[in-house]
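Coordinate inspection notes
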There are 2 protein chains.
Amino acid sequence: MDTLLKPLKELSEKFRSLDGVGKKSAVRMAFSVLNMSNEDAEAFARAILDAKTKIQLCRCCQSISESEICSICASDTRDHSVVCVVEDAKSIMALEKVKEYNGVYHVLGGVISPMKGIGPEKLKIKELLERINEENIEEIIIATNPTVEGEATAMYISRLLKPFEITVTRIANGLPVGADLEYADAVTLYRAIQGRREI
Amino acid sequence: MDTLLKPLKELSEKFRSLDGVGKKSAVRMAFSVLNMSNEDAEAFARAILDAKTKIQLCRCCQSISESEICSICASDTRDHSVVCVVEDAKSIMALEKVKEYNGVYHVLGGVISPMKGIGPEKLKIKELLERINEENIEEIIIATNPTVEGEATAMYISRLLKPFEITVTRIANGLPVGADLEYADAVTLYRAIQGRREI
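So, how was this worked out
- Residue numbering note: each chain is counted from 1, following its sequence as written.
- Note on labels: chains are lettered from A, ligands numbered from 1, in written order.
- Totals for whole chains, interfaces and linings use every residue, but because this is a predicted model, local features are given only for residues with pLDDT of at least 70 and side-chain atom pairs only at 80 or more, for both listing and counting.
- Note: side-chain values were computed over all heavy atoms of the structure, leaving out hydrogens and water.
- When the copies are superposed, the least-squares fit draws on C-alpha atoms of residues that have pLDDT of at least 70 in both.
- Any two residues whose heavy atoms approach within 4.5 Å are treated as being in contact.
- The convention used is that axes are lines fitted to C-alpha atoms, helices contributing only their stretch in contact, and that angles between N-to-C directions extend from 0 to 180 degrees.
- Comment: elements are numbered from the N terminus, with helices defined as DSSP H or I runs of at least four residues and strands as E runs of at least two.
- For a crossing to be left-handed, the near helix must be turned anticlockwise from the far one by less than a right angle; the clockwise case is right-handed.
- Residue polarity is assigned by list, with Asp, Glu, Lys and Arg as charged and Ala, Val, Leu, Ile, Met, Phe, Trp, Tyr, Cys and Pro as nonpolar; anything else, Gly included, falls into the polar class.
- Working definition of a nonpolar core: buried Ala, Val, Leu, Ile, Met, Phe, Trp, Tyr and Cys residues. They are joined through side-chain atoms within 4.5 Å.
- For each residue, the accessible area found with a 1.4 Å probe, counting protein chains only, is set against the maximum for its type, and the residue is called buried under 20%, exposed over 50%, and partly exposed in between.
- Each domain's limits were defined by an automated method or a database of domain assignments.
- Paired strands, as defined in this entry, are two strands with at least two bridges between them according to DSSP.
- Only rings of Phe, Tyr and Trp enter the pairing, Trp through its six-membered ring, and a pair is recorded when the two centres are within 6.5 Å. The plane angle decides the type: under 30 degrees is stacked, over 60 is edge-to-face, the rest tilted.
- The buried area of a pairing is the accessible area, by a 1.4 Å probe, that goes missing from both parts when the two are put together, added over both.
- Throughout this description, a polar contact denotes any pair of N or O atoms lying within 3.5 Å of each other; where both atoms belong to protein, one of them has to be capable of donating a hydrogen while the other can accept it, and for residues adjacent in sequence the pair is counted only when both atoms sit in side chains.
- Think of it like this: strands point away, you trace from the first strand over the helix to the second, and a clockwise trace means the crossover is right-handed.
- Surface patches are defined over residues having more than 30% relative accessible area and no salt bridge, joining like charges when they lie within 9 Å and nonpolar side chains (Val, Leu, Ile, Met, Phe, Trp, Tyr) when within 5 Å.
- Using the Shrake-Rupley algorithm and a 1.4 Å probe, accessible areas are obtained, with residue cover drawn only from the displayed protein chains.
- Just to be clear on terms, a salt bridge is a Lys or Arg side-chain nitrogen sitting within 4 Å of an Asp or Glu carboxyl oxygen.
- The positive count covers Lys and Arg only, the negative count covers Asp and Glu only, and His and the chain ends enter neither.
- To locate a charge, take NZ of a lysine, CZ of an arginine, CG of an aspartate or CD of a glutamate.
- The span one expects for a helix is its residue count, reduced by one, times 1.5 Å.

1. Notes on the relation of the copies chain B and chain A
Rotating chain B by 180 degrees and moving it 0.0 Å along the rotation axis overlays it on chain A with an RMSD of 0.0 Å. Expressed as a symmetry operation, the mapping of one chain copy onto the other fits a two-fold axis. Minimal C-alpha separation from the rotation axis in chain B is found for Ala45(B), amounting to 2.1 Å. A share of 100% of interface residues in chain B that are also interface residues in chain A marks the association as one of identical surfaces.

Next up, the structure:
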């Protein structure tokens, strides 16, 4: 056994292709599959295919959904005049955990990144503009991540929305709760001072 | 989207069941699958089933194999009179990387662990005794991990092999190469002193 057996090697390469999985973890996972019962392995394979076939993009907000319209877009109790623009569905999950936001969302499906060859045309910005034209939207909260690409995308969208009579806001930058000034980076501290509020 | 969509939740639970995968990693992996093309997802599912169906236990050494007899057991160039007893196939991979050992192997499929309800009868010890009776084995190297269970299993097997005219050895304990005495634990240091050799 100079190297891994072929089926084991192929399986570990599949695990390796997943986000954040290293070579050693991938091999360990492939071995875990070998230790599963046949039924469990079949259920695992089925779960992969199920996730791909049963999940689609919501026709309205472009988030993932089991139906044509996702549960948030279909909800009567949510405020459809406020739209929070996020990079991906994972951001929605994070924001929904807070249980404070009652508006709806719009998923861009990424951020503008010239390095990765992702221009604005590859994001769901056209769909956002369509929503603004068709729906009665009063505020757009841009909640892309505070990274270089996320900031650039926020800037791009905010300029694009200038002609419309809509309030466009950006989520705040600053020190995370529980942080220590000593260890905060300069840019975060600068933003925290810039964004100071009267108490 | 209070929680994960059902198919996504089911898939992340499958990932969670793998060795060493935490909850957050499992969710991230499930999202990775969503971002795959349909073909890639199908190939992934197929790789899982392939690994389970194409890989069996070698009839001789009980390691994983694509054929009835694994490549090491079937090899003419290896010394079949020396058998290295290991916990699992992963140990074989690690030992084969060294390229120093030219004997064959025997995989126990675990270690004796009363806490986990694993007695000697659940390991491939019977198969090892059969090999000793049938084959012309001169030395057994016990290479279970130097953990409490691994040591207990090594002790159990060495006692079991007493009646046979075979040399039974145990791999050495000591400081790993590149280690620092300052940070070594007491048991390892004790073993390193005990196992000292003239230079």
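2. Here we look at the packing of helix α5 (residues 125-134) of chain A against helix α6 (residues 148-160) of chain A
All names here are of chain A. Where α5 contacts α6, the axes come no closer than 12 Å and their chain directions differ by 35 degrees. Judged by the sense of rotation from one axis to the other, the crossing of α5 with α6 is right-handed. Where α5 abuts α6, its residues Ile125, Leu128 and Leu129 lie against Tyr156, Ile157 and Leu160. For the contact of α5 with α6, a count of residues per class yields six nonpolar, no polar and no charged.

3. Quick look at the nonpolar core
In this structure, Phe15(A), Phe44(A), Phe15(B) and Phe44(B) are the most contacted members of the largest nonpolar core, which totals 48 residues. Residues contacting Phe15(A), with those up to four places away along its chain left out, are Val21(A), Ala26(A), Met29(A), Ala30(A), Val33(A), Phe44(A), Phe15(B), Leu18(B) and Phe44(B). Among the nonpolar cores identified, the runner-up in size contains 31 residues, and Val83(A), Leu128(A), Leu161(A) and Ile166(A) belong to it.

4. Comments concerning the domain arrangement of chain A
Annotation of chain A at the domain level lists domain 1 (6-54) and domain 2 (77-198). Between domain 1 of chain A and domain 2 of chain A, the C-alpha centre-to-centre distance is 34 Å.

5. Quick look at the sheet that holds strand β4 (residues 103-107) of chain A
Residue and element names in this part refer to chain A. Strand order across the open sheet formed by four strands is β4-β3-β5-β6, with parallel pairing between neighbours. The sheet is open, and its two edges are formed by β4 and β6 (167-170), each paired on a single side. On average, each strand axis in the sheet is inclined to that of its neighbour by 25 degrees, with strand direction left out of account. Where strand β5 (residues 139-142) meets β6, four bridges bridge the pair, whose relative direction is parallel. Bridged to isoleucine 140 within β6 is valine 168. Contacts between helix α4 (residues 89-98) and the sheet are confined to β3 (79-86) and β4, with β4 contributing the most and set at about 160 degrees to the helix. The sheet strands contacting α6 are β3, β5 and β6, and the helix crosses β6 at an angle near 170 degrees.

6. Describing the packing of aromatic side chains
Counted by the stated rule, this structure contains seven aromatic pairs over all chains. Between Phe15(A) and Phe44(A), the aromatic rings sit 6.3 Å apart at their centres with planes inclined by 40 degrees, giving tilted as the arrangement. Of this pair, Phe15(A) sits in helix α1 (residues 6-16) while Phe44(A) sits in helix α3 (residues 38-54), placing them 29 residues apart in sequence. Taken together, the ring pairs connect Phe15(A), Phe44(A), Phe15(B) and Phe44(B) into an aromatic cluster.

7. Considerations on the interface of chain B and chain A
The interface of chain B with chain A comprises 49 residues on the first partner and 49 residues on the second. With both chains or domains summed, chain B and chain A bury close to 4,600 Å², and 75% of this area falls on carbon and sulfur atoms. At the surface where chain B touches chain A, the tally comes to eight residue pairs in polar contact (both at pLDDT 80 or more). Of all elements in the fold, only α1 (6-16), α2 (23-35), α3 (38-54), β2 (64-65), α4 (71-74) and α5 (89-98) of chain B reach the threshold of two or more residues within the side of chain B that touches chain A. Element by element, the count of residues in the side of chain B that touches chain A is highest for α3(B), at 13 residues. Partitioning the side of chain B that touches chain A into residue classes produces 29 nonpolar, eight polar and twelve charged.

8. Digging into the pairing of β5(A)
Residues and elements named next belong to chain A. Note: β3 against β5, four bridges, orientation parallel. Looking across to β5, one finds that cysteine 84 is bridged to isoleucine 141. The β-α-β motif built from β5, the intervening α6 and the parallel element β6 has right-handed crossover chirality.

9. Quick word on a positive patch on the surface
The grouping of Arg16(A), Lys23(A), Lys24(A) and Lys97(B) at the surface amounts to a positive patch. Examined against the element boundaries, Lys24(A) turns out to sit in helix α2 (residues 23-35).

10. Here's the deal with α3(A)
Relative to the 24 Å expected for 17 residues at 1.5 Å per residue, α3(A) spans 24 Å between its end C-alpha atoms, a close match to the ideal helical length. Within the sequence span of α3(A), burial applies to Ala41(A), Ala43(A), Phe44(A), Ala45(A), Ala47(A), Ile48(A), Ala51(A) and Lys52(A). In this structure, the buried residues of α3(A) make contact with α1 and α2 of chain A together with α1, α2 and α3 of chain B.

11. Considerations on the sheet that holds strand β4 (residues 103-107) of chain B
Residues and elements named next belong to chain B. Across the sheet, four strands lie side by side as β4-β3-β5-β6; this open sheet has parallel pairing. Two strands bound the open sheet, and with one partner strand each, they are β4 and β6 (167-170). The sheet shows a mean angle of 25 degrees between the axes of neighbouring strands, taken without regard to direction. In the sheet, strand β3 (residues 79-86) pairs with β4 via five bridges, with the strands oriented parallel. Residue pairing across strands places valine 83 opposite valine 104, the latter belonging to β4. With respect to the sheet, α5 is in contact with β3 and β4, its orientation differing from that of β4 by roughly 160 degrees. Packing of helix α7 (residues 148-160) onto the sheet brings it into contact with β3, β5 (139-142) and β6, and relative to β6 it is tilted by some 170 degrees.

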